[in-house]
Amino acid sequence: MLKGLLLLLMALALPAYAQPVSQQPHTKVELVAETRTPAPGKPFTVAVVMTPQPGWHTYWKNPGDSGIETRAKWTLPAGATAGDFRYPVPKTYLVSGIMNHVYGTKNALLADITLPAGAPTPFTLAVKLDWLVCDESLCVPESATLSLPLTPGTGAPDPAATATFADARAALPRTLAEPGHFAVANGKLRLAIPFAAPDKVTAAHFFTLGEEVQYAAPQLIGRTNNALIIETAANPSAGAAQAIAGVLRVEQGEEVFGLALTATPGTVPAATPLAPKAADSSGFGLAFALALAGGLLLNVMPCVFPILSLKALSLAKSGASPAAARSEALAYTAGVILICTALGGVAIALAQAGAGAGWAVQLQDPRVILLLMLLTLAIGLNFAGLFEIDLAGKGAGQSLAAKPGAQGAFWTGVLAAFVATPCTGPFMAGALGAALVLPPALGLAVFAGLGLGLALPFLAIGFIPWLRRRLPKPGAWMLTFRRILAIPMLLTALALGWVLGRQAGVDGLALGLLAALLLGLGLWWLGLRQSAFRPGWLPAGLAALAVVAAPVALARIPAPASDNAAEGPGTLKAEAFSAARLAELQAAKTPIFVYFTADWCLTCKVNERGALSRPAVADYFARAGIKVLVGDWTRPDAEIAKFLESRGRAGIPLYLFYRSDGRVEELPQLLTVDHLTGLSA
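Here the residue numbers are simple positions, counted from 1 along each chain's written sequence. Restriction of local features to residues with pLDDT of at least 70 applies here, the model being predicted, together with a cutoff of 80 or more for giving and counting side-chain atom pairs; totals for whole chains, interfaces and linings are based on all residues. The side-chain quantities take in all heavy atoms of the structure and omit both hydrogens and water.

Overview of the nonpolar core
Heads up, the rule is: Nonpolar cores were defined as sets of buried Ala, Val, Leu, Ile, Met, Phe, Trp, Tyr and Cys residues, with membership established by side-chain atoms within 4.5 Å. The rule is simple: take the accessible area with a 1.4 Å probe, protein chains only, and divide by the maximum for that residue type; under 20% is buried, over 50% is exposed, in between is partly exposed. Secondary structure elements are taken from DSSP: a helix is a run of H or I of four residues or more, a strand is a run of E of two residues or more, and numbering for both begins at the N terminus. Boundaries between domains were set according to an automatic or database domain assignment. Throughout, a residue-residue contact means that at least one pair of heavy atoms, one from each residue, lies within 4.5 Å.
Grouped together as the largest cluster of nonpolar side chains are 62 residues, with contacts concentrated most on V594, F596 and I652. The biggest single contributor to this core is helix α11 (residues 477–531), with eleven residues. Inspection of this core shows a minimum of three residues originating in each of domain 3 (281–555) and domain 4 (574–678). With residues up to four places along the chain from it excluded, the contact list for F596 reads F577, C604, G631, I640, F643, L644, I652, P653 and L654.

In structure tokens, the structure reads:
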């Protein structure tokens, strides 16, 4: 359907006046013959040379998820025939989760023309070309009619065309004489391709001529002693295929070439992964600076506010010496950076494995949500005065984050970083997206920069005496302040309980409430024994048992069935996001508002309860014909993860507006009604 619409658009495009060369708005095309005197009865080769403007691209024979191959309608002498185009080796181009097979630079399509014996003289070779040229946000159908006067003769090569055809033939894939083999199992296609020196290969990609594989799925490349092994996600049609034909693009350092091959069903051996390709480290400085700024601003994001209460109490109580203040600041910073770097390491590892990952990925696990719910509940009950912490460090069951000195500051930093993950603040999107494609060591440094930014206010207070002197003096007000801070902590626990119910269903929520009840009873009992000056190890043990056992038990509860239906906030009508649906709407030139959300993302929910739920927004979208696609990342979703990666994002929320002319606008993370109703289709 998509390709049919694109063909219709190209049919409406006006062809240029016939000539050997045509300069279209985004592409220069030229018709070149290898000989100006083709021999009758023998084939000769012509080239259609296409040069897209910088930033634009044309398409291979199988264009991928979208696009269309170049079409040619030849005008030939009677009895003459034209063969199909022979294409050079393409490149991959992944944008918005849609994989395209393209040419972003000058390329030549070769075709063989055969004249009949006794062809008339002279004659004009003409061709009408229709093609699609695209950049990152816009696709334009273009058309041109080219003609070239020729005279039958000896078939002698044209010296002026020698270099053009030498370059064109060098860019064609080589034909692999020995067939490859493929096997399909568990939704995966594994392909074994004979190769003489697989250990020298640094990267590869298989372009199928059919639809046996999911084009946007990652391809895992391995090797044996004499073959390259490709593994990727298969389409259902792959299981019934008797042969799979395509082109393998191979990179050996700076050398790039292609192999045209056909694979038949057979045995595919186990493989050793290729040595990792050296990543480009350019852009690290900017990514680190953005991560630092994003971490700093994260301190004022709504999802971080509960942890700010812990820091506020710690700073208010601090009457320590300058050396002790610096020690606490460094310990707090170490805790924050440790967690940010650890979470970043997990995200980088998953991304390199092709699974797709991002910031806050751990919150897609309901066990983590349950653990955070119980933790914030315990902190809230402590703030409310239900039980106390032995500040001398002598009692059992004490909160690590509430210990005095450097040890307590360290664990407060750990908690701050862990709870901060549901938010993606300003500057963080580009920084964390870059971290996933930088070399791993530099990517980890970017995540460490995020932690440094998050810890920067506490670090500054620890090292700048003037800032410490500006803090309120300790006094009786602190007890009232502590009781007030119990409210946001308990509300946070309630919100996490709601998320748990959405992720784990009614059974999971019931287990969470039982664990919260046991935890509350244990802490209440602990408080009673503390007031009687009696040991509290038994009630503290009960509370600890509830915290440890509940996530283990939750793992045994079957996850509820996933519901692919999408429901927009308020009266906003929405559909579930998919790359295929997005491509279909783009092809129909429909304006589209795409947003990605999760139940654990507080910023997302603020926007959904705010601007997105307003009737004025729904009315405007309906009048303007704007379709809404919603990507719910509450649970792991590989397609959403890959789409975010293609946009250079490592977290949510993400709001995109696709105009009817193909342009894409990324909206700010805090939406307003005026901005949404001002979108121009």
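Digging into the state of the cysteines
What counts, and what does not: Pairs of cysteine sulfur atoms within 2.5 Å are identified as disulfides in what follows.
Evaluation of the coordinates by the stated rule reveals one disulfide. A sulfur-sulfur distance of 2.1 Å marks the disulfide that ties C134 to C139. Linking C134 and C139, the disulfide has an S-S dihedral of approximately 115 degrees and is accordingly described as right-handed. By relative accessible area, which is 36% here, C139 ends up partly exposed.

Details of the UniProt feature "transmembrane region" (unreviewed entry) in the protein
Defined as follows: UniProt positions are given in the numbering used here, feature names are shortened, and annotations may be inferred rather than shown by experiment.
In this numbering, the UniProt entry assigns the feature "transmembrane region" (unreviewed entry) to residues 284–308, 329–355, 367–387, 408–438, 444–467, 479–500, 506–526 and 538–557. Between the C-alpha atoms that bound residues 444–467 the distance is 31 Å, and the span itself is 96% helix and 0% strand.

Details of the sheet that holds strand β8 (residues 98–103)
To be explicit about the condition: Two strands make a pair as long as DSSP finds a minimum of two bridges between them. Angles here are taken between N-to-C directions and fall from 0 to 180 degrees, while the axes themselves are lines fitted to C-alpha atoms, restricted in helices to the stretch in contact.
Taken in spatial order, the three strands of this open sheet run β4-β8-β7, and their pairing is antiparallel. Two strands bound the open sheet, and with one partner strand each, they are β4 (58–64) and β7 (91–95). When the angles between neighbouring strand axes are averaged without regard to direction, this sheet yields 45 degrees. Judged from the three bridges that link them, β4 and β8 form a sheet pairing that is antiparallel. Considered in β8, the bridge of T58 is made with Y103.

Side note on helix α3 (residues 284–298)
To be explicit about the condition: Multiplying 1.5 Å by the residue count of a helix minus one yields the expected span of that helix. Note: the arc covers the axis-to-C-beta directions of the helix.
With 15 residues, α3 extends 21 Å between its outermost C-alpha atoms, agreeing within 8% with the 21 Å of an ideal straight helix rising 1.5 Å per residue. Listed as buried for α3 are A287, A291, G294, G295 and L298. Down the axis of α3, the buried set is contained in an arc of 100 degrees. They therefore lie on one face.

A short note on the packing of helix α6 (residues 366–383) against helix α12 (residues 537–554)
Here is the rule: The labels follow the angle: roughly parallel below 35 degrees, roughly antiparallel above 145, roughly perpendicular from 65 to 115, and oblique for the rest. If you view the pair so one helix is near and one far, a crossing is left-handed when the near helix is turned anticlockwise from the far one by less than a right angle, and right-handed when it is turned clockwise.
Taken N-terminus to C-terminus, the directions of α6 and α12 make an angle of 160 degrees; their axes are 9 Å apart at the nearest point. By the angle between their axes, α6 is roughly antiparallel relative to α12. The way α6 lies across α12 gives a crossing that is right-handed. Of α12, the residues touching α6 (which contributes P366, R367, L370, L371 and L374) are A546, V547, A550, P551 and L554.

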